[in-house]
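Spelled out, the chains give:
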Amino acid sequence: MESHKDRTESMHLILRVMQLFGLWPWSLREGEQWTISGFVKRNYRFLLHLPITFTFIGLMWLEAFISSNLEQAGQVLYMSITEMALVVKILSIWHHRSEAWQLMQELKHGPDYQLRGKEELDFWRREQRYFKWFFYIYILISLGVVYSACAGVLFLKEYELPFAYYVPFEWRNEKGYWFAYGYDMAGMTLTCISNITLDTLGCYFLFHISLLYRLLGLRLRALNNIKDEACFGRELRCIFRLHQSMRRLTVICQKIVSPYILSQIILSALIICFSGYRLQHVGIRDNPGQFVAMLQFLSVMILQIYLPCYYGNEITVHAHQLTNEVYHTNWLQCGVPIRKLLNAYMEHLKRPVTIRAGNFFAVGLPIFVKTINNAYSFFALLLNSTDRLSAINFLIVVQRWTGLIKWKSEQGGGLLSWIMRIYPFVLHLPLTFTYIALMWYEAITSADFEEAGQVLYMSITELALVTKLLNIWYRRDKAAHFLDELQNDAAYSLRNSEEIQFWQRNQKDFQRIFYGFIGGSLFVAVMGYVSVFFQEEYELPFAYYVPFEWRNEERYMYAWGYNVVAMTLCCLSNSLLDTLGCYFMFQIASLFRLMSLRLQALQDVPEQQAKPELHRLFRMHAKVRRLTRECELLVSPYVLSQVVLSAFIICFSAYRLVHMGFKQRPGLFLTTVQFVAVMIVQIFLPCYYGNELTFHANALTNSVFGTNWLEYSVGTRKLLNCYMEFLKRPVKVRAGVFFEIGLPIFVKTINNAYSFFALLLKISK
């Protein structure tokens, strides 16, 4: 027979640690009740946790309450809410300490749960060992979060605490900092160990009961080997008694773990939400230690809610599995009384075994998924004022590094600000502009039209890039102000989850389209770079004038290398500027759609609530109209040059395809085909988004008509009538004073390209 201690072997060290941290009752020897040591053991938990845990948590919440803004509060709220869950766990285990101790003793010494044979003993020890090592790793990772943050702040230039809390003295100096830092480290260590050991205890109770259900399944399976009906009946009755004991244990376990799981799951959505929010504001370069600690904390938090859900789910699964085990016993060989017993038992098993958190929900994997979904919803709601440009946040960073839009810190007077101001010229003058000039020189000095056609298609493309570059540099302050207003102006804040989901869905759609467009453009360039290596003669990917003899092994790579670097910069700049212009129009179209959503939401709203909302919409519409004019100023020169030149670009590209032939130059032929496809997309996208802006601005009339205007007073109807009169003026984005940006001009451009191509073919013949 196995040793009793083996049944709870994986918890021995954890329970000892919990005793040292005032979370598990000490054993009092006979006569020790009224001694000093007995008094200390009974009140040790208060002596430890009142001055450290509860005081530390109180100071954290005080810091959150006195914070001046959400960003500052977010630095402490994620941990304050975590500690709030710990308070519930500590109070719960103190309240149920007798029941928890008795449950552990019964699991350890109860004769009903003795293991019988080597198979059961090996199964039990293996599962206990897995649980022990898994939770040891979990505890070490959790402590690693604390000490990563504690170590990370020591590498910062300024004085900063690992976990923010209110300090009642000036600590940002060499003397006071170490007192604040030491208390922070001690308080966080105690709360972290308390939190993870209480998690381990709760999960262990669930795990142990799930093991007992699995043990019951093993014994039911073993009934297949019993041929004697009397012996079968005795063993079956033992199993019934064991199951009754396990049902009772399940109820006791639920009583102990229910408050802790309920608080953890309810608060976890907020904890993960604020953790994600803080990650948005902790830069990995500015504070790498804190950033890594936050990532670890977020991982631990997700694990912390997953584990009780997983073990609660295991109880339900293995208890439900008993029905199959009963069915697979040797019941066909049994008499009628035994069959009736089995039938009654299976009827009893129809009642599902679940661990409930309070009376709210069953603890299982579905509630884990729901908690993560809630956390994402809260996070999206929290970011509604700071993540409105999510589709191009990364692209804005790339545009700064490629010298297209201004840096945020260019306004200063130092050396770094001066370098940032001249950076675009230092980058583009020797590469972009020199390269484009060499292309045009090659086209002008070509001996015949066919030779010129091989370079003209790309030269005209780069001429459009010059227009875009000069335009964005000339209006760089307006573009920066435009982006800043879209990002930070409170007038465009998203109000509810429906608006947030609409906005994020559209941003993701835009992101996918333009990441694909940029990737396709770069792929064309890469194909051109690689394809020339399969030619018999020395040839450049994209022809330009080279002021030295390059058709030899020694100097070819110099000409090829400059071609690659300059063309990559030109291609990336062109694609990014197209993306920026389209995004301006897309964002304004999205704002018009947002106003439509808000007007549609007034369908069933009474006039008292609708009237203030209508006033807000009128003010928002006026701001969006102004943004539209600013957007037209920013994109008009770029779209005008692109559309005017695109007909020639497509024409010369097709002309080059005709004279190139697939068999002679298959690589360059495919590159040019891809280039033509990208060029068509390049003129389609601004036309499409300009058309979207006009369409959704004009659709506001229908949205106004769909409001509950029949129930409004005469004054409110007059307001709506004036608004609809105002909406009769179409909203259009024009390219210069020549044409409106929309799908009709795209069709006209393609027709013009075909006409020029047909004329060019006729002349060449």
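Values in this document were obtained by computation on a predicted structure and should not be read as measured data.

Enquirer: How would you explain the overall build of the chain if you had to name every residue and give the values?
Expert: Check the secondary structure of the chain and you find 21 helices and four strands. The contacts of the chain with a sequence gap of at least 6 include a subset with a gap of at least 24, amounting to 79%. About 36700 Å² of surface is accessible on the chain, with carbon and sulfur atoms providing 62% of the total.

Enquirer: Give me the packing of aromatic side chains: which residues, what numbers.
Expert: Evaluated as defined, the whole model comprises 47 aromatic pairs. Relative to Phe-207, the ring of Tyr-204 lies with its centre 5.9 Å away and its plane at 50°, an arrangement referred to as tilted. Placement of the pair is Tyr-204 and Phe-207 together in helix H6 (residues 174-222), with a separation of three residues, close to one helical turn. For the pair shown, Tyr-204 and Phe-207 are each scored as buried. For the ring pair Tyr-688 and Tyr-689, a centre distance of 5.1 Å and an interplane angle of 75° mean the geometry is edge-to-face.

Enquirer: Outline the confidence of the model for the chain, listing residues and values.
Expert: Per-residue confidence for the chain averages 81 on the pLDDT scale, and 89% of its residues sit at or above 70. Within the chain, helix H10 (residues 365-382) has the poorest average pLDDT of any element, 74, and helix H16 (residues 556-600) the best, 90. Here residues 1-5 is a poorly scored stretch, pLDDT under 50, and it has ten contacts once near neighbours within four places are set aside; other chains count.

Enquirer: So what's going on with a nonpolar patch on the surface? Which residues, and what values?
Expert: Together, Val-526, Val-530, Phe-533, Phe-534 and Met-557 make up an exposed nonpolar region whose accessible area comes to about 510 Å². The topology assignment puts Val-530 in helix H15 (residues 497-531).

Enquirer: Outline the side chain of Thr-200, supporting the account with residue identities and numerical values.
Expert: Mapping Thr-200 onto the fold places it in helix H6. Other than its neighbours up to four places away in sequence, Thr-200 contacts Met-11, Ile-14, Phe-131, Phe-135 and Ile-139.

Enquirer: An account of the nonpolar core is requested, with residue identities and associated values reported.
Expert: If you look at the biggest cluster of nonpolar residues, it comprises 114 residues, and the most contacted ones within it are Leu-201, Phe-205, Val-257 and Tyr-345. Element by element, the count of residues in this core is highest for H6, at 22 residues. Each residue touching Tyr-345, except ones within four places of it in the same chain, is listed here: Leu-216, Leu-220, Ile-239, Phe-240, His-243, Leu-322 and Val-326. In terms of nonpolar packing, the next biggest core, distinct from the first, is built from 112 residues, Tyr-457, Trp-503, Ala-566 and Phe-746 among them.

Enquirer: Run through the side chain of His-696, naming residues and quoting values.
Expert: On the secondary structure map, His-696 appears in helix H18 (residues 666-698). Those residues in contact with His-696 that lie beyond four places of it in its chain are Ala-589, Phe-592, Arg-593 and Ser-596.

Enquirer: Tell me what's going on with the packing of helix H2 (residues 36-65) against H6, and back it up with residues and numbers.
Expert: In helix packing, the relevant descriptors are the interaxial angle and the interaxial distance, both defined with respect to the helix axes. Two elements in contact, H2 and H6, have axes whose closest approach is 10 Å; the angle formed by their N-to-C orientations is 105°. Taken together, the axes of H2 and H6 are roughly perpendicular relative to one another. Two secondary-structure elements touch here, H2 through Leu-48, His-49, Pro-51, Ile-52, Thr-53, Thr-55, Phe-56, Leu-59 and Met-60 and H6 through Tyr-183, Asp-184, Ala-186, Gly-187, Met-188, Leu-190, Thr-191 and Ser-194.

Enquirer: Explain the pattern of salt bridges to me, using residue names and the numbers behind them.
Expert: One pass over the full model with this rule turns up 18 salt bridges. Its salt-bridge partner being Lys-255, residue Glu-99 comes within 3.6 Å of it at the nearest N-O pair. With Glu-99 in helix H4 (residues 97-109) and Lys-255 in helix H7 (residues 229-281), this pair connects stretches of sequence that are 156 residues apart. Residue classification places Glu-99 among the partly exposed positions, given a relative accessible area of 26%. For Lys-255, a relative accessible area of 47% corresponds to the partly exposed category. Of the charged contacts, one joins Glu-127 and Arg-126 as a salt bridge, the two residues approaching to 4.0 Å between their closest N and O atoms.

Enquirer: Now, about the environment of Gly-519: what can you tell me, with residues and values included?
Expert: Here Gly-519 lies in helix H15. The exposure class assigned to Gly-519 is partly exposed, which follows from its relative accessible area of 36%. A C-alpha to C-alpha distance of 9.5 Å links Gly-519 and Leu-572, two positions 53 residues apart in sequence.

Enquirer: Any details on the environment of Asn-721? Residues and values, ideally.
Expert: On the secondary structure map, Asn-721 appears in helix H20 (residues 714-727). Separated by 16 residues in sequence, Asn-721 and Phe-705 have C-alpha atoms that sit 9.8 Å apart.

Enquirer: Any chance you could break down the state of the cysteines for me, citing the residues and the numbers?
Expert: Using the criterion set out here, one finds zero disulfides in the structure. No disulfide involves Cys-203; its sulfur sits 9.1 Å from the nearest other cysteine sulfur, which is in Cys-309. Looking at the unpaired Cys-582, the closest cysteine sulfur is the one in Cys-687, lying at 8.8 Å.

Enquirer: So what about H6? Which residues, and what values?
Expert: Between its first and last C-alpha, H6 extends 70 Å over 49 residues, near the 72 Å set by a 1.5 Å rise per residue. With 38 of 49 residues buried, H6 is to be regarded as a mostly interior element.

Enquirer: So what about the packing of H15 against H16? Which residues, and what values?
Expert: Running from amino to carboxyl end, H15 crosses H16 at an angle of 160°, the nearest separation of the two axes being 10 Å. Between H15 and H16, the angle is such that the two are roughly antiparallel. For the crossing formed where H15 meets H16, the hand is right-handed. Along the lines of polarity and charge, the residues of the contact of H15 with H16 split into 20 nonpolar, nine polar and four charged.

What counts, and where the lines are drawn
Residues numbered from 1 in each chain as written. Predicted model: local features only at pLDDT ≥ 70, side-chain atom pairs only at ≥ 80, totals over all residues. Heavy atoms only, no water. Helix = DSSP H or I, 4+ residues; strand = E, 2+ residues; numbered from the N terminus. Contact = heavy atoms within 4.5 Å. Areas by Shrake-Rupley, 256 points an atom, 1.4 Å probe, with all protein chains shown as cover. Phe/Tyr/Trp six-rings, centres within 6.5 Å; stacked < 30°, edge-to-face > 60°. Buried < 20%, exposed > 50% of the residue type's maximum accessible area, 1.4 Å probe, protein only. pLDDT = per-residue confidence, 0-100. Patch = residues over 30% accessible without salt bridge, like charges linked within 9 Å, V, L, I, M, F, W, Y side chains within 5 Å. Salt bridge = Lys/Arg side-chain N within 4 Å of Asp/Glu carboxyl O. Core = buried A, V, L, I, M, F, W, Y, C linked by side-chain atoms within 4.5 Å. Axes fitted to C-alpha atoms, helices over the stretch in contact; angles between N-to-C directions. Parallel < 35°, antiparallel > 145°, perpendicular 65-115°, else oblique. Disulfide = S-S within 2.5 Å. Expected span 1.5 Å × (residues − 1). Left-handed = near helix turned anticlockwise from the far one by under 90°. Nonpolar A, V, L, I, M, F, W, Y, C, P; charged D, E, K, R; others polar.

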